[in-house]
Structure formats: C-alpha cells, structure tokens
Amino acid sequence: MVDHNMPTKKFQKEMNSGTASLVMLSVLSQSEDPMYGYQIAKLLDDNRQDALAMKQGALYPVLRSLEKNGLLSSKVEPSVSGPPRRYYTITGDGRETLTLWTEIWSQMKSFVDSILEGESDV
Amino acid sequence: MYRSVEEYLDALKKEMQGFDSATMQDALTDAEEHLRTALETARESQPEMDAAATLPAIIEQYGSPEETAAAYAEVERRTSPSLAQSVNRKQRTGLGRFFGVYADPKAWGALLYMLIAFVTGVIYFTWAVTGISVSLSFALFIFGLPVMLLFLLSVRGVAWLEGRLVEALLGVRMPRRPLFAPQNIKWQERIKLLVIDKHTWLSFLYMVVQLVLGTLYFVVLVTLFAFSLSGIAIPILQEAFNISVIDTGSTYYYLPQWGYPLVVLAGLLLWTATMHLVKLVGDLHGRYAKAMLVVEQD
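Residues numbered from 1 in each chain as written. Chains lettered and ligands numbered in written order. Predicted model: local features only at pLDDT ≥ 70, side-chain atom pairs only at ≥ 80, totals over all residues. Heavy atoms only, no water.

**Q** Just to check I follow, could you spell out the overall build of chain B for this structure?
**A** When you go through chain B residue by residue, the secondary structure sums to 10 helices and two strands. Its helices and strands in sequence order give chain B the pattern α-α-α-α-α-α-α-α-α-β-β-α, from N to C terminus. When each of the 298 residues of chain B is scored for burial, the buried share is 42%. In chain B, once contacts between residues fewer than 6 apart in sequence are set aside, the share between residues at least 24 apart is 74%. Entry remark: accessible area of chain B is about 16300 Å², with carbon and sulfur atoms responsible for 70%. (Helix = DSSP H or I, 4+ residues; strand = E, 2+ residues; numbered from the N terminus. Buried < 20%, exposed > 50% of the residue type's maximum accessible area, 1.4 Å probe, protein only. Contact = heavy atoms within 4.5 Å. Areas by Shrake-Rupley, 256 points an atom, 1.4 Å probe, with all protein chains shown as cover.)

Put into structure tokens, the structure is as follows:
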C-alpha cells in the first residue's frame, strides 16, 4: 500500500534523506572491500521495500558529503570496461560516528514506536 | 525518453544550469559512472539486449534529471565548501570587522596559499617551459609527438592538482576529478580532444603566469610583513638592544619614546590591512584559477 499523494511523498523524501547517511555508513562498515556507488545501490535495492523507494541518483551526493566530512574516504580506479569508478571506504571517524548515530537511531525508533503503539501515558 | 547516456547527461546538464560548475561536474561524473556500470551489468546478464530498451528502466531507478539535480542541490545546501562556512556569522561593526580578519580562516588560508604560490610558481614555470621546449625541439623527429602528448597530459594533471590546492586554501569549489572524455571514441579522437581543448592551453598559460604572480605575492607579502614587524619591534630594539632606528654608520637616530605607541600602532594597523589585502587577493586568485583550470559546463 503505497500512497502517492504529495504530503506522503514529501514525508518519504524527508525520511529517506534523514536516514540515508546512516544507512550508507552502515553498509560500508559491514563491507570488507571498498564499494562503488552502483554496488551500494544494488545492495540497497535487494533489501528495499516498496515504501523506501529512494532514487539511486540521490545516494551519490550523500556519499560525497560524507566524504567531505571525513567519514568516508574514496579513490578512483579504472574499470575493465566503462568509466573509472569511485570506491568508497569508511574511515575511523566514520566508524565512531556510526556507533553514535546507531545509538541515536535506536532511541528515535523506540520513541516513535512507543508513541505509535499508544504505550505512552498521553 | 533518453536513448543514450549522453542524452541523459545533456538533460542533467541543462537541469543543473546555474549550479556551481564543480557540483555540476561531480553530478555528471556520478551519473555517468552509475548509468554505464548499470548498462554494463545488464549486458553481462543478457548479451543480446538493446541498450536503448534497457536504459529507461535504469534511469527510472536512478532518477530523472530533475530528481538528481534536486538531490545535489539539497546536499550542497547542507554542506558548503571547506572554508566557506566561516563567512560572517554575525554582522560586526567597523573596528570589530577590521580586526575580525584574524579570526577568518579564509584570510589565513589565502596567506598560506600566497606563500606556497612562490614555490609552486617556480616549479610550474620550469615544468611548462622545459616541457614545451623539449616537445617543440623533438617535433622534428617522429618521437616528438608522444613527448608532446605526455607533456600536455601532465599539464592537465598539474591543473587538477592546483585545483585541489586552491579549493583547500582559498575555499573555491573546484572539480574533484577531471571530466571523463566521451566514451566509445578512438584514442586518436581522445588525443585530438586533449590538444584542441582550450583548457589544456589555459592551464599551460596559468603555469607560466604563476611564476610572476607567485613572486609578486611573495615579495609584497614579505615587504609588508617586514614593515609591520619593524614598526612593532622598534621600542624593543631601542630599549633592550640599543639598536637605533636609522644607522648610517656615523649618525644614529633614536626614535623618541613618545613615538613608541605610534609606530607600534602603525605596525599593527599595517599588518591588519595586509591581512585584508591577502583575503581580497586570495578571493580574486580563486576566481581566476577557476576560470583558467576548470572546464565550465555550457
């Protein structure tokens, strides 16, 4: 059940942009080897549910901004066929940040869940 | 809709009119890398597929040019270039603004850049002049051509490197990496593109001119610094070391003590004014470097 009216789309977009950095840091922290954009997009695709349809093109600026903040590092390597690819790796700073963000995320998640399930004393 | 990656990139380029040219270049390289990789992957799984038929599905997943442009705009809005965040957090008044230059990382970055420019200027000039002379004199022989091409390639490399330096120290956005040459063209075409691209030659010119600019920056900086410092140091030199202001060998002129505050103040003011000058020159040089070294999207 995916609603495509305007407020819902906007809500999806905001949720996506809020979580994209966390997701990408996490993907790269679990990967042994450096990954390039298309690989990450594919991996997310395999796990994605309908509601989380974030455009693949929106991953790239997020990767670049994470790199700019020193949470990722990258290098360009030529590929056998096609254009060179930019391979991203998580940095030490990135791992520390991920731990923090994971903490924030789980607090946020349990907070929202508790409100949604009506367990609060409102 | 889009029958080739090039068409998509053209549309994206149009969509990103008015964006910072370096951001646009980032977006174009990212899109090209993704779309081509996706096409390649599709081709591996079904070799007889038609690129024009597969592309719409790939683009659907990647996002339309409008969506992609919006994504970059969004992220760019949240993260500005390395030093640019420092622009006046709050508006201060006259005197505070004048001395506030010491707290401005842009001024210090520009100062460092101007000092480094002296060294890099000499290296660039030497490399450019050696390269072009060797290339021209070898042009008589058949192996002159490869030497020339290698040299021109190195010029593009230096341009990229200088771009990184300018972005780090002057806070002007420069491309993260050179633009891809169009795909599926022969290497002869590639070479032709390298030779006829005006940025190859503008970068060469930049390397030559950098010697003059680097020297000028260095000389002006050192002179102003020496004047400022001597103003500040006069009281100490006279009182503690008994060194006179003017010493002709036979006559010694000592500044009277009431003059101390004046020369110290003059020295401080001169150096603060120099910092403002440095910031201004850094700003101008950044714009000039961008015009010379970066392939503008049009």
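**Q** In this structure, what is going on with the pairing of strand β3 (residues 85-90) of chain A? I would like to understand it.
**A** Remark: a regular strand shows side chains that alternate across the two faces of the sheet. All names here are of chain A. Most of β3 is tucked away: five of the six residues are buried. Summarising the sheet, strand β1 (residues 35-36) and β3 pair through two bridges and their orientation is antiparallel. If you follow Met35 over to β3, its bridge partner there is Tyr88. (Pairing = 2+ DSSP bridges.)

**Q** Would you take a moment to explain helix α9 (residues 198-241) of chain B for this structure?
**A** In an α-helix, one full turn covers 3.6 residues, which means residues spaced three or four apart are oriented alike. Largest kink in α9 of chain B: about 50 degrees, centred on Ala233 of chain B, with the proline Pro235 of chain B one to four residues after it. In the stretch just after α9 of chain B, Asn242 of chain B is the one whose phi turns positive, near 60 degrees. (Bend = angle between axes of the 7 residues up to and from the residue.)

**Q** When you look at the confidence of the model for chain B in this model, what are you seeing that I'm missing?
**A** Regions with low pLDDT carry predicted coordinates that are not meant to be interpreted in detail. All names here are of chain B. Within chain B, residue pLDDT values average 82, and 90% of them lie at 70 or more. Contacts for the low-pLDDT stretch residues 82-90, under 50 throughout, to residues beyond four places or in other chains number nine contacts. Across the interfaces of the predicted complex, the ipTM metric reaches 0.81, alongside a pTM of 0.52. (pLDDT = per-residue confidence, 0-100.)

**Q** Just checking my understanding: could you explain the nonpolar core for this structure?
**A** Nonpolar side chains tend toward joint burial in soluble globular proteins. All names here are of chain B. Residues Tyr8, Leu12, Met16 and Leu35 are the most contacted members of the largest nonpolar core, which totals 26 residues. When residues of this core are traced back to their parent elements, those giving at least two are α1 (5-15), α2 (21-45), α3 (51-62) and α4 (65-78). Here this core gets eight residues from one element, more than from any other, and that element is α2. Filtering out sequence-adjacent residues up to four positions away, Tyr8 remains in contact with Tyr2, Ala31, Leu35, Ile59, Tyr62, Gly63, Ser64, Pro65 and Thr68. Formed by 25 residues, the second largest nonpolar core is a distinct cluster that contains Ala117, Leu170, Tyr206 and Trp271. (Core = buried A, V, L, I, M, F, W, Y, C linked by side-chain atoms within 4.5 Å.)

**Q** Help me out: how do you make sense of the side chain of Thr23 of chain B in this one?
**A** Along the polypeptide, Thr23 of chain B turns up in helix α2. Those residues in contact with Thr23 of chain B that sit more than four places away from it in its chain are Met16, Tyr72, Glu76 and Arg173 of chain B.

**Q** Where do I start with the packing of helix α6 (residues 105-138) of chain B against helix α7 (residues 144-170) of chain B in this structure?
**A** The description of two helices packed together rests on the angle between their axes and the distance between the axes. Residue and element names in this part refer to chain B. Running from amino to carboxyl end, α6 crosses α7 at an angle of 175 degrees, the nearest separation of the two axes being 10 Å. Our classification of the angle between α6 and α7 gives roughly antiparallel. Its residues placed into classes, the contact of α6 with α7 shows 18 nonpolar, six polar and two charged. (Axes fitted to C-alpha atoms, helices over the stretch in contact; angles between N-to-C directions. Parallel < 35°, antiparallel > 145°, perpendicular 65-115°, else oblique. Nonpolar A, V, L, I, M, F, W, Y, C, P; charged D, E, K, R; others polar.)

**Q** Sorry if this is basic, but what is going on with the packing of aromatic side chains here?
**A** Two aromatic rings are characterised by how far apart their centres lie and by the angle between their planes. Tallying each qualifying case throughout the model produces 13 aromatic pairs over all chains. Note on Tyr102 of chain B and Trp108 of chain B: the rings are 6.4 Å apart at their centroids and 45 degrees apart in plane angle, and the pair reads as tilted. Look at Trp108 of chain B and you get partly exposed, because its relative accessible area is 39%. Pairing Phe138 of chain B with Phe143 of chain B gives two aromatic rings, centres 5.1 Å apart and planes at 70 degrees, and the pair type is edge-to-face. Using a relative accessible area of 30% as the deciding quantity, one classes Phe138 of chain B as partly exposed. Looking at Arg85 of chain A, its charged tip hangs above the ring of Tyr36 of chain A, at a distance of 4.4 Å from the centre. (Phe/Tyr/Trp six-rings, centres within 6.5 Å; stacked < 30°, edge-to-face > 60°. Lys NZ or Arg CZ within 6 Å of the ring centre and 35° of its normal.)

**Q** Mind showing me how you'd approach the sheet that holds β3 of chain A here?
**A** Residue and element names in this part refer to chain A. Across the sheet, three strands lie side by side as β1-β3-β2; this open sheet has antiparallel pairing. Among the strands making up the open sheet, the edge pair consists of β1 and β2 (72-77). As paired strands, β2 and β3 are joined by six bridges and run antiparallel to one another. What sits directly across from Lys75, in β3, is Tyr87.

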